[in-house]
Amino acid sequence: MSAPIARVETGQDPYKWLENRDAPEVLEYLRAENAYLEEQLADQAQLRESLFQEIKGRIRETDLSLPSPWGPWLYYQRTTAGDEYPRHYRCPRPADGSFNVDENQEQLLLDPNELAAGGFLSLGAFSVSQDHCKLAYSLDTQGDEIYQLFVKDLSTGAVTALPFDDCDGSMTWANDSSTLFFGELDDTHRPHKIYRHRLGDKERTEVYHDPDGRYFVHCYRTSSERQLVILSNSKTTSEAWVLSADEPEGNWLCLAPRQDDHEYYPDHGLLDDEWSWLIRSNQAGINFALYQAPGCTPQREHWNELIGHSDSVMLEDISLNADAVTLSLREAGLPIIEVRPSTGAPYRLQLPDAAYSLHVHNTLEFDSPVIRLRYEALNRPAQIRQLNLSDGKQEVLKETPVEGPFDADAYESRRIWATADDGSQVPISLVGRRERFGKPAPLYLYGYGAYGHSLDPWFSHARLSLLDRGFIFAIAHVRGGGDLGEAWYRAGKLEHKPNTFSDFIACAEKLITDGYTEPARLAVSGGSAGGLLIGAVLNLRPDLFGAAIAEVPFVDVLNTMLNADLPLTVTEYDEWGDPNQPEVHARIKAYAPYENVGSQPYPAILAVAGYNDSRVQYWEAAKWVAKLRAQKTDDNLLLLKTEFGAGHGGMSGRYQALKDVALEYAFVLKVFDKTTR
């Protein structure tokens, strides 16, 4: 079977016809591309199955999550071999304070396996009412991130479907355990309204609407569980409205009217035995400071600085409970946890690895003297650690098991630095088997670089299948991400976006120059905005790479950003710019992957799209591949896979996700012709 050839139309966008969703000729073309992929990878079928079984064999398929105590119950999940999704349970809380589950008294709250019935399923909200008698949950059954809302009576098992459409999946309880707040999507898939609904009523009441297309709206409960917050935020500005959770029909109060480039994020808790608002704000500097306001007068004129702005340390988040304020910081590219107990001196946590991922996993109940942290490294499986807030003592409560032979010490983790074009130092995290370092090896380089998102090192059961075949895995912490703080993010957005691409190229060159790999055996990968990164660097330096994977890639940037009717376009202006302005149009056009496909050789490429994806439309990958197929001058593999039953996050079940990973790994192994250990 020869590669499908997409028809070319006249005009500025020759493959625009592929945007005609559900048109017979479009479906025929996408299915032909899927068939071509299967034919080209047919010789890898046994390897794909071996990889799938290998990866699955490392995962404990039947397991119990670490139970979370709340009120009279322990809440937890169970995974069972053969099931795609975990089941949700609770059991009475032991009087001895332990987390021991009594299976004889456990209650099944929700079984997504039954609800999925073999199809796509994404669980949005999972929220138990304050009286523990009702469960509010939301389901996406298409992958388009439009949710149906449900309430389950936990005493009778009766389920009520709420009669509201176009919901964003959020569900927040008031303290009366009868009133819910939920969000609605507008025509561009933006959460733009918050409604109040009292169970038993037929109607809903609009309590907030933001007509500005740049702003997303959502509602949440504060740490104290005494207040509700409606937060409306764009990429650069936010505004918060608050209400007592005891008075769901009361009047909402604005903490600080929106002001361009002022972001602030409130929480509510105890400070010096007084109920107070704690507000993380960038009004004094881009790395944020922390402010306190009285619970009764939280407006901006009453904010008092608690922790000042630092040029070198980013205040990423705060966590509150009755015994401490826990700060999530970022310094020198690493996450730091600093605890400020209600009594005693502040302290920072000490950790065993040079590069790692660390965040507050669960603050538990507001009055808890402990919180839980999630810690992992490239060569260390994720651990849930219990932190005693008063003295900083850590205890590992659970480590994600790796079934079969596994020795963390057999793998070495490193952090090196590449020098960008302007002299900036760009961190690279690496992991591989110890014996693989010191000579060129096949290498899998991952990147993202957008929205201030940090790619902290993470452990992967699946990745071991590459490492044990001699690969090195690396992460390029390029500008546009938040890995080195807010300034690092801003240096890779808007007019500075090309820094993201040149940083990634500098990382690839560093890995080659230092002898970690060579171009023919360097595979690169990224998804969504990371797919834009991959598409851009392939146009700029195709000679640097041997293979590329682009998952739900945002490659048709210019045309998407010119179409304000598409989901997310207007709110994305703060990230990419508004191409209706001539200088911005020229800037985006200069790097947009689809626009800049050239008549040149490209490495082997695998692109993956989700047909129901509401964030990056399926046609972006399809148009990009069609243009590449028409213009590239080599005979390297070029494959497109469209997942017809998935959205932005890919297939929903855990086994299907593993099969997708096995496909991608088999593709890279085929290109590198290295299929055995």
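Please refer to the structure higher up on the page.
Thresholds, definitions, all that
Residues numbered from 1 in each chain as written. Predicted model: local features only at pLDDT ≥ 70, side-chain atom pairs only at ≥ 80, totals over all residues. Heavy atoms only, no water. Salt bridge = Lys/Arg side-chain N within 4 Å of Asp/Glu carboxyl O. Helix = DSSP H or I, 4+ residues; strand = E, 2+ residues; numbered from the N terminus. Buried < 20%, exposed > 50% of the residue type's maximum accessible area, 1.4 Å probe, protein only. Phe/Tyr/Trp six-rings, centres within 6.5 Å; stacked < 30°, edge-to-face > 60°. Core = buried A, V, L, I, M, F, W, Y, C linked by side-chain atoms within 4.5 Å. Contact = heavy atoms within 4.5 Å. Expected span 1.5 Å × (residues − 1). Pairing = 2+ DSSP bridges.

Enquirer: Describe the pattern of salt bridges, and please don't skip the residues or the numbers.
Expert: Under the criterion given, the structure shown has 49 salt bridges. Between Asp176 and Arg198 there is a salt bridge; the shortest N-O distance is 3.2 Å. In this pair, Asp176 sits in the loop between β10 (167–173) and β11 (179–185) while Arg198 sits in strand β12 (residues 191–198), placing the two residues 22 residues apart along the sequence. Judged by its relative accessible area of 32%, Asp176 is partly exposed. Arg198 gets classed as partly exposed once you look at its relative accessible area, which sits at 39%. Three or more residues are tied together by salt bridges with common partners; here these are Asp13, Lys16, Glu19, Asp556 and Lys623.

Enquirer: I'd love a proper account of the packing of aromatic side chains, names of residues and values included.
Expert: Taken as a whole, this structure holds 28 aromatic pairs when the rule is applied. A centroid spacing of 5.8 Å and a plane angle of 90° characterise the contact between Phe181 and Trp252, whose relative ring orientation is edge-to-face. Placement of the pair is Phe181 in strand β11 and Trp252 in the loop between β16 (238–244) and β17 (253–254), with a sequence separation of 71 residues. In terms of burial, Phe181 and Trp252 fall into one category: buried. Centroid distance Tyr291 to Trp303: 6.0 Å. Interplanar angle 40°. Geometry classified as tilted. Residue Tyr291 is found in strand β20 (residues 289–294), and its partner Trp303 is found in the loop between β20 and β21 (304–307); the two are separated by 12 residues along the sequence. For the pair shown, Tyr291 and Trp303 are each scored as buried.

Enquirer: Any details on the nonpolar core? Residues and values, ideally.
Expert: Leu445, Phe504 and Trp624 are the most contacted members of the largest nonpolar core, which totals 119 residues. No other element matches helix α12 (residues 654–672), which puts 10 residues into this core. For Phe504, the contacting residues outside a window of four places in its chain are Leu445, Tyr446, Gly447, Ala476, Val478, Val524, Leu533, Ile534, Val537 and Phe545. Counting 28 residues, the second-largest nonpolar core is a separate cluster that includes Ile307, Ile318, Val325 and Val339.

Enquirer: So what's going on with helix α11 (residues 618–631)? Which residues, and what values?
Expert: Under the 1.5 Å per step criterion, the end-to-end length of α11 is 21 Å for 14 residues, consistent within 8% with the ideal 20 Å. Among the 14 residues in α11, 12 count as buried, and that is most of the element. Of all the residues in α11, the buried ones are Tyr618, Trp619, Glu620, Ala621, Ala622, Lys623, Trp624, Val625, Ala626, Lys627, Leu628 and Arg629. Residues of α11 that are buried make contact with α1 (24–40), α7 (529–540), β35 (547–551), α8 (557–561), β36 (604–610) and β37 (638–643).

Enquirer: Could you give an account of the sheet that holds strand β25 (residues 347–348), naming the residues involved and the relevant values?
Expert: Taken in spatial order, the four strands line up as β22-β23-β24-β25 in an open sheet, and their pairing is antiparallel. In this open sheet, the two edge strands, each paired with only one partner strand, are β22 (313–321) and β25. In terms of strand pairing, strand β23 (residues 324–331) meets strand β24 (residues 334–341) through eight bridges, oriented antiparallel. Its bridge partner being in β24, Arg330 is matched across the sheet by Pro335.

Structural measurements only, silent on function.
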